[in-house]
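Coordinates in review
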Amino acid sequence: MTRIMVFGTFDMVHEGHVDFFRQARALARNPHLIVSVARDPIVMRIKGAKPRRSEKERHALLSRNTLVDEVVLGQEDGYIEHIAEAKPDIIALGYDQAGEFVDRLERDLTDAGVEAKVVRLQAFKPEQYKTSKLI
């Protein structure tokens, strides 16, 4: 089993997210997909607005998704500890994920002794399937 971890807000789950999960799962023969849901205060800080659904609602929504094997809540302060706890073999980033956590991810993983390969996934119709465009 290969543990693959992805991250996001997931205020809604649309076809772009479904493709994101499929691409992540396709990275391994026997995948175990772990989805890390951004905490409400982190979403507010990064996006400048509260998510439409609470972190508990978003967690529950993803827990019912058949492509997802495990759902965890991210940290409110920092991020590397919850990654280390999940023990991913692969971290799959979305085509548009950027910012402070992404910029220093590989360095922080190394510093924490986490040996996970970091890969960037492809966009899936971003002009159509992007949460900010669908809301």
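See the structure shown above.
Each chain has its residues counted from 1, following the order in which its sequence is written. Side-chain atom pairs in this predicted model are given and counted only at pLDDT of 80 or more, local residue features only at pLDDT of at least 70, and totals for whole chains, interfaces and linings cover all residues. Each side-chain value is worked out from all heavy atoms of the structure, with water and hydrogens disregarded.

Another aspect to go through is the environment of E55. Where helices and strands are cited, they refer to DSSP runs of H or I of at least four residues and of E of at least two residues respectively, numbered from the N terminus. Within the element layout of this structure, E55 appears in helix α3 (residues 55-63). When the C-alpha positions of E55 and V43 are compared, they lie 9.6 Å apart, and in sequence the two are 12 residues distant.

This next bit is on the environment of I90. Checked against the element boundaries, I90 lands in strand β4 (residues 90-93). Relative accessible area decides the class of each residue, using a 1.4 Å probe on protein chains only: under 20% of the type maximum gives buried, over 50% gives exposed, and in between gives partly exposed. For I90, a relative accessible area of 10% corresponds to the buried category. Once the C-alpha coordinates of I90 and A28 are considered, the two residues, 62 residues apart in sequence, prove to be 9.1 Å apart. Contacts: residue pairs with any heavy atoms within 4.5 Å of one another. The residues touching I90, leaving out its near neighbours within four places in the chain, are T2, R3, I4, M5, L27, A116, K117 and V119.

We now examine the packing of aromatic side chains. The rule is short: rings of Phe, Tyr and Trp, with Trp giving its six-membered ring, pair when the centres are within 6.5 Å, and they are stacked under 30 degrees, edge-to-face over 60, tilted in between. Under the counting rule described, the total for this entry stands at four aromatic pairs. When the centroid spacing of 4.7 Å and the interplanar angle of 45 degrees are considered together, the rings of Y79 and F101 count as tilted. Here Y79, found in the loop between β3 (70-73) and α4 (80-86), pairs with F101, found in helix α5 (residues 100-103); they are 22 residues apart in sequence, far enough to count as distant. For the pair Y79 and F101, a shared accessibility class is recorded, and that class is buried. Taken together through their ring pairs, the aromatic side chains of F10, F20 and F21 make up a single cluster.

Excluding glycine, a negative phi dihedral is what most residues carry, and trans is how most peptide bonds are arranged. The phi dihedral of F10 falls on the positive side, at around 55 degrees, and the residue is not glycine. Along the chain, F10 turns up in the loop between β1 (2-8) and α1 (15-25). Despite not being glycine, K87 shows a phi value in the positive range, around 55 degrees. Judged by relative accessible area, which is 59%, K87 ranks as exposed.

Below, the discussion takes up α3. Among all positions in α3, only E55, R58 and L62 are buried. Take α3 and look down its axis: the buried residues cluster within an arc of 65 degrees, on one side only. Looking at the buried side of α3, the elements it contacts are α1, β2 (31-37), α2 (40-47) and β3. The arc in question is traced by the directions running from the helix axis to the C-beta atoms.

Turning our eyes to something else, we now look at the environment of R120. Considering the arrangement of structural elements, one finds R120 in strand β5 (residues 117-120). Remark: the alpha-carbon pair of R120 and D40, spanning 80 residues in sequence, is separated by 24 Å. Residues within four places of R120 in sequence aside, it is in contact with L93, G94, Y95, D96, Q97 and V102. Reaching out from R120, the side chain makes a polar contact with the backbone oxygen of G94 at a distance of 2.6 Å. Any pair of N or O atoms that falls within 3.5 Å is considered a polar contact. Within protein, one atom must be able to donate a hydrogen and the other to accept it, and sequence-neighbouring residues count only if both atoms are side-chain atoms. Among the polar contacts made by the side chain of R120, one reaches the main-chain carbonyl oxygen of Q97 at a distance of 2.7 Å.

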